[in-house]
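For reference, the chains in residue letters:
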Amino acid sequence: DTMRRLLAVFQNNALAAVHYVPPKISDVDVLLIRPETIVRGAPHLPGDEFNGWLKFVENNITLSMVPGTHGSMIIGPDISAVANAICEQIARTR
């Protein structure tokens, strides 16, 4: 019975994810930070530097490429490039 309930939750979550349509974001500036190195299994859309985000944020998006991979960009030393990108975005939008 427990396994059946867990499977039902998993299925419902999967269906919700497939059918979810996020609203357009038009009133904020968006910073997309991406790693320079793409590794197999990391989220990316080949040929789309914005990874599909343009359809949700219109034209108010800034792309910042940082050293490392999707996993390494959140730890040292690559995290400093992420911090710099955030600081630059804050300075630009003030």
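All figures in this text were calculated on a predicted structure; none of them were measured in a lab.

Draft legend 1. Geometry of unusual backbone geometry. In this chain, G76 is followed by P77 through a cis amide linkage whose omega measures 0°. Even without being a glycine, N51 presents a positive backbone phi close to 55°. If you trace the backbone, N51 turns up in the loop between β1 (30-35) and α2 (54-57).

Draft legend 2. Focus on the packing of aromatic side chains. For the structure on display, the rule yields one aromatic pair. Here the aromatic rings of W53 and F56 are separated by 6.4 Å at their centres, their planes lie at 75°, and the arrangement is edge-to-face. Classification of W53 by relative accessible area gives partly exposed; the value is 39%. Residue classification places F56 among the partly exposed residues on the basis of a relative accessible area of 21%.

About the cut-offs
- Residues numbered from 1 in each chain as written.
- Predicted model: local features only at pLDDT ≥ 70, side-chain atom pairs only at ≥ 80, totals over all residues.
- Heavy atoms only, no water.
- Helix = DSSP H or I, 4+ residues; strand = E, 2+ residues; numbered from the N terminus.
- Phe/Tyr/Trp six-rings, centres within 6.5 Å; stacked < 30°, edge-to-face > 60°.
- Buried < 20%, exposed > 50% of the residue type's maximum accessible area, 1.4 Å probe, protein only.

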